[in-house]
Amino acid sequence: MTDWTPDTYLTFADHRLRPALDLLARIPMDAPRRIVDLGCGTGALTRHLAARWPNAEITGLDTSAEMLSRAQAEDGGKTITWVQGDIATWTPDDQGSPDLITSNAALHWLDGHDVLFPRLLDALAPGGVLAVQMPRNHDRPSHALIRAVAKEGPWEPLLAALVAAPPPVDPPEVTVRRLLAAGAATVDAWETDYQQILAGGPDAVAAFTDSTALRPWLARLPDATMRDAFRAAYRGRLATAYESLPNGRVLFPFRRQFLVATRPHAESP
Ligand SMILES: C[S@@+](CC[C@H](N)C(=O)[O-])C[C@H]1O[C@@H](n2cnc3c(N)ncnc32)[C@H](O)[C@@H]1O
């Protein structure tokens, strides 16, 4: 897959940061010693973790060299360690288990949540916290129309596997039960439908998804001509799906799921 493009991703930086801060506000910890931010991207949440807990040892982990390079350039001398790595194979290193694992808008890129969430809970130190935010807009026009367009053009055979893939994020009650079954002492879970008002005219929603949800689809197309044709078909379908507001803005509701789970302080006998 092509690498992430920080500039495009950060076009809507405020809308993307808000849920990270809402997640941070619900983390019930005074002084975690070790923190790992999985899928840290350009480090938006990671820098706020460092500001709240300046004495913690913080690691940001991401697969994307481009995103990590931007994170490093913007960390303002904060003592954050940036590591290139895959969440799918990440394990706590020799220095010990983290007290806090965070992940903002990243775990929906991984499948197998039935295994992933218990594994992350288990990676925590006793009394530790797992704090996760994931988009769950899969059934909304922004995402459903990608699948609709994928079924309609010359790209159909190239995209059939993605069309058939199950939704990446389960309903919250499924993940809550999963975390409790894995031994979580508490789970604080909620969903928020952010009423995002985007600047940028009728193509604003397509611009929002271009650097995120659209990436795996475009990456499977062989050349720029087909990618542009796919984008044009998608923009055409989006045109009537979202409400235009005055001053060329667009109302783009976006649902996100939040989970803050704690590992028990001591294992039951
Ligand atoms: C939408 S961005 C979110 C970045 C950051 N957490 C934020 O809040 O701005 C998703 C990030 O997850 C990373 N990512 C996706 N799959 C990953 C994986 N398997 N392991 C590590 N990072 C991953 C991507 O490279 C990207 O930087």
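For the structure, see preceding data.
Every value quoted in this text rests on a predicted model; they were computed, and no experiment measured them.

Q: Sorry if this is basic, but what is going on with the pattern of salt bridges here?
A: Where charged atoms of side chains with opposite charge meet at close range, the side chains can pair. All chains considered together, the criterion is met by 15 salt bridges. Two residues, D99 and R33, come together in a salt bridge whose shortest N-O distance is 3.6 Å. Here D99 is found in the loop between β3 (80-84) and β4 (100-104), whereas its partner R33 is found in the loop between α2 (13-25) and β1 (34-38), with 66 residues between them in sequence. Classification of D99 as buried rests on a relative accessible area of 11%. A relative accessible area of 59% means that R33 is categorised as exposed. A salt bridge links R140 to D193, with the shortest nitrogen-to-oxygen separation between them at 2.9 Å. With R140 in the loop between β5 (129-135) and α6 (141-150) and D193 in strand β6 (residues 186-198), the pair connects residues that are 53 residues apart, well separated along the chain.

Q: Mind showing me how you'd approach the pairing of strand β2 (residues 57-62) here?
A: Regular strands place their side chains on alternate faces of the sheet. Judged by how many residues are buried, β2 sits mostly within the fold: five of six residues are covered. A crossover connection joins β1 to the parallel β2 through helix α3 (residues 44-52); in handedness this β-α-β unit is right-handed. Sheet analysis places β2 next to β3, joined by five bridges and oriented parallel. Residue pairing in the sheet places T59 in a bridge with T81 of β3.

Q: Explain the nonpolar core here, please?
A: Soluble globular proteins: nonpolar side chains tend toward being buried together. Core analysis: the biggest nonpolar cluster contains 27 residues, and F230 and Y234 have the highest contact counts within it. Elements that contribute at least two residues to this core include exactly α6, α7 (156-164), α9 (204-210), α10 (215-219), α11 (224-238) and β8 (249-262). Excluding anything up to four places from it in sequence, Y234 contacts S142, L145, I146, V149, A206, T209 and L214.

Q: Would you take a moment to explain the pairing of β1 for this structure?
A: For β1, the tally of buried residues reaches five of five residues, placing the bulk of the element in the interior. Because side chains alternate across β1, one face comprises the buried residues R34, V36 and L38, and the other comprises I35 and D37, equally buried. Where β1 lies against β2, five bridges are found, and the strand directions are parallel. Paired with D37 across the strands is G60, a residue of β2.

Q: Explain the site of the ligand here, please?
A: Neighbouring residues of the ligand: 17 residues in total, closest G39, D62, D86, I87 and N104. One nitrogen or oxygen atom from the main chain of G39 is found 2.7 Å from a nitrogen atom belonging to the ligand. In the model, an oxygen atom of the ligand is placed 2.5 Å from a nitrogen or oxygen of the D62 side chain. When grouped by side-chain class, the residues that make up the shell around the ligand number nine nonpolar, six polar and two charged.

Cut-off values and rules
- Residues numbered from 1 in each chain as written.
- Predicted model: local features only at pLDDT ≥ 70, side-chain atom pairs only at ≥ 80, totals over all residues.
- Heavy atoms only, no water.
- Salt bridge = Lys/Arg side-chain N within 4 Å of Asp/Glu carboxyl O.
- Helix = DSSP H or I, 4+ residues; strand = E, 2+ residues; numbered from the N terminus.
- Buried < 20%, exposed > 50% of the residue type's maximum accessible area, 1.4 Å probe, protein only.
- Right-handed = clockwise from strand over helix to strand, strands pointing away.
- Pairing = 2+ DSSP bridges.
- Core = buried A, V, L, I, M, F, W, Y, C linked by side-chain atoms within 4.5 Å.
- Contact = heavy atoms within 4.5 Å.
- Near = heavy atom within 4 Å.
- Polar contact = N/O pair within 3.5 Å; in protein donor to acceptor, adjacent residues only side chain to side chain.
- Nonpolar A, V, L, I, M, F, W, Y, C, P; charged D, E, K, R; others polar.

Keep in mind that these numbers describe shape and distance, not what the molecule does.
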